[in-house]
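Here are the chains, one letter per residue:
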Amino acid sequence: MRFYNMIKLIFNCLCSCCLVFLLAACNDDDTFTLSSSNLLTFSTDTVCMDTVFSRVPTSTRTFWVYNKSGNGIRCSNVRLERGNQTGFRVNVDGQYLGQAQGFQTNDVEIRNNDSIRVFVELTSPTNNQDLPQKVDDNLIFQLESGAMQKVNLNAWSWDADFMTNIVIERDTTINTSKPTIIYGGITVNKGATLTIGSGTTLYFHDKAGIDVYGKLKCEGTAQNNVVLRGDRIDRMFDYLPYDGVSGQWKGIHFYESSYENMIDFTDIHSCYDAIVCDSSDVSRLKLSLLNSIVHNSQGYGLKSIHSAIDVENCQITNSLNDCVGIFGGDAYINHCTIAQFYPFDSNRGSALRFTNYYEDVNLPLYGFKCVNSIVTGYSDDVINGSVRDSMVTYSYKFDHCLLRTPKIEEDTLNIIDVIWEDPSDTIVAGTKNFNKVDISLLQYDFKLTEKSKAIGKANKDKSIAYDRLGIKRDDEPDLGCYEYQSTNENKSSNNIRKRR
């Protein structure tokens, strides 16, 4: 009997404890404080959307709302302070605050030690100004206690012109300081010339590009480059703007009927195949690519198929496929920096490829000449010169270059004063040639460091007077497209070329 009473006592104690815990839990879950000292905590006090185009929906930003007060908190009202004036749209714990549903919601409950997630988007209205204008609003959390808390939402809204499925049928010039967004692409018909003036920036939407059957002229200057890029001007991550991600737009395609194209002082970046030249009559110059940047391509940087091209003073860097691929034809490269440090895929192509075939079709390589240039990258060998049929013309020459490829001893006719980069050299080779190759932040600066072996090694007789930035080369010019400038050097404005 005594044993039975003991068991009964223990059982009653356990039941009492469980009841206390249940009552406490119910109290935590169901009790909402009216004390103004109990407040919410936010993962951020400001949501910044960076710079956005007006009338173009942004990507979604998020933040968290935490209740660490010790009691449940009920928001009697959550609202956008300026209502429908700014274009912000917010989702608060599944409740959408937008024009169709109104710009507020009521009775949002956040229990003790719980949280909710808030999603923010923006489609800003036109501001009718040339420069970006600040757009901001506050998301107000009105607590049942009477306390009011807020998170600031802001962005810089930039008006842009919009062009869709443009067909150039007669000579046309685009010359504007206002951003222009291209949807669908631009087609330059045979017999027509499209000229893009200095300082013009074209923002291409996904899969949009330029298809050239006629002629394209990009006439930038050292001070005012033409810029061809994707239309995402926000950020994928805090450290990474979408503009730093490859494959944002299609690129430029020169078709068989297109000749005498000229791209000068132009920045082409973050596209798929940046420049493609289709097979054509190699007795006619197809493309002059001068003083330009081709960077961060998800396909090829420059792909030339049985075409005649001149490439001078250009930086062609970071492509998933080859940075420069020459498939037959005739190509002259002078004072170029060709570097393969593509960060998004280890199975990247070569920095430079030159062959006498393309997709099992023989294409004579009448002449490939690389002068005063740097060809380097991550791999031990970043140059691929290959012959499919020894009976098909295959002519090449490297003259005063820095090359990251195994040394060739016997070919003194086609290899002249070449510096062979040693892959085991971690002091002055590879990435150490340049000011910055930061794969973690995806930031690059391909100007030369003081340690680079490219300094003072160019062929003076074949040197170009000014570098890609319009800076005058000295009496001992450097390899690549940038003349080395020491950090403490006083750069006289007289050494800068104002116009080509």
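See the structure shown above.
Here the structure is a predicted model, which means the values were calculated and not measured.

Colleague: Where do I start with the pattern of salt bridges in this structure?
Modeller: Opposite charge on two side chains lets them pair, provided their charged atoms get close. This structure, assessed with the given rule, holds 19 salt bridges. Among the salt bridges present, the one from R74 reaches E144, with a minimum N-O distance of 3.0 Å. Highlighted residues: R74 in strand β4 (residues 73-80) and E144 in the loop between β9 (133-143) and β10 (148-158), separated in sequence by 70 residues. Under the relative-accessibility criterion, R74 is labelled buried at 18%. Looking at E144, the relative accessible area reads 34%, which means it is partly exposed. Here K462 makes a salt bridge to D399, at a shortest N to O gap of 2.8 Å. Of the two residues, K462 is situated in the segment after β42 (443-448) and D399 in strand β37 (residues 394-399); the sequence distance between them amounts to 63 residues.

Colleague: What's the story with the nonpolar core in this structure? I'm lost.
Modeller: Side chains of nonpolar character tend, in soluble globular proteins, to be buried together. Of all hydrophobic cores here, the largest spans 58 residues; its most connected members are I186, L228, I275, L289, F368 and F398. The dominant element in this core, judged by the number of residues it contributes, is strand β29 (residues 324-334), at four residues. Discounting residues that sit within four places of it in the chain, F398 has contacts with L352, F354, F368, C370, L403, N414, I415, I416 and V418. Grouped together as the second largest cluster of nonpolar side chains are 30 residues, F103, I110, A147 and A155 included.

Colleague: Even after reading the chapter, I still don't get the state of the cysteines, so can you show me in this structure?
Modeller: Disulfides are covalent bonds that connect the sulfur atoms of two cysteines. Under the defined criterion, the tally for this structure stands at zero disulfides. Residue C323 stays outside any disulfide, its sulfur separated by 12 Å from that of C336, the closest cysteine. Here C336 stays unpaired: no disulfide links it, and the sulfur of C314, its closest cysteine neighbor, is 4.9 Å away. Looking at C336, the relative accessible area reads 0%, which means it is buried.

Colleague: When you look at the pairing of β4 in this model, what are you seeing that I'm missing?
Modeller: Side-chain direction in a regular strand flips from residue to residue, so the side chains alternate between the two faces of the sheet. In terms of burial, β4 is largely enclosed, as six of its eight residues are buried. Pairing of β4 with strand β7 (residues 104-110), which is carried by six bridges, proceeds in the antiparallel orientation. Considered in β7, the bridge of V78 is made with T105. Direction of pairing for β4 relative to β9: antiparallel, over a ladder of five bridges. In the sheet register, R79 faces β9, and the bridge partner there is I140.

Colleague: Please explain the sheet that holds β7 as it appears in this structure.
Modeller: Pairing between sheet strands relies on hydrogen bonds along the backbone, with the strands arranged either parallel or antiparallel. Strand order in the open sheet made by the five strands is β2-β10-β9-β4-β7, with mixed pairing throughout. The strands lining the two open edges of the sheet, one partner per strand, are β2 (46-53) and β7. Along the sheet, successive strands turn relative to each other by an average axial angle of 20 degrees, direction set aside.

Colleague: Before we go on, may I ask you to explain the sheet that holds strand β1 (residues 41-42) in this structure?
Modeller: With respect to topology, five strands assemble into an open sheet ordered β1-β3-β8-β5-β6, the strand pairing being antiparallel. One side of each edge strand has no neighbouring strand; the edge strands of this open sheet are β1 and β6 (95-97).

Calculation rules
Counting starts from 1 at the beginning of each chain's written sequence and moves along it residue by residue. Given that this is a predicted model, residues contribute local features only at a pLDDT of at least 70 and side-chain atom pairs are listed and counted only at 80 or more, while totals for whole chains, interfaces and linings are drawn from all residues. The side-chain values count all of the structure's non-hydrogen atoms but skip hydrogen atoms and water molecules. Throughout this description, the term salt bridge denotes a Lys or Arg side-chain nitrogen within 4 Å of a carboxyl oxygen of Asp or Glu. Helical segments are the DSSP runs of H or I of at least four residues, strand segments are the runs of E of at least two, and each set is numbered from the N terminus. Exposure is judged per residue with a 1.4 Å probe applied to protein chains only, and the accessible area is read against the type maximum: over 50% gives exposed, under 20% gives buried, and values in between give partly exposed. The term nonpolar core refers to a set of buried residues drawn from Ala, Val, Leu, Ile, Met, Phe, Trp, Tyr and Cys, joined through side-chain atoms within 4.5 Å. Any pair of residues with heavy atoms lying within 4.5 Å of one another is described as a contacting pair. For this text, the term disulfide refers to a pair of cysteine sulfurs within 2.5 Å. Strand pairing is assigned whenever DSSP detects at least two bridges linking the two strands. The axes are straight lines fitted to the C-alpha atoms, using for helices just the contacting stretch, and the angles between their N-to-C directions are given from 0 to 180°.

So yeah, pure geometry; function would need other evidence.
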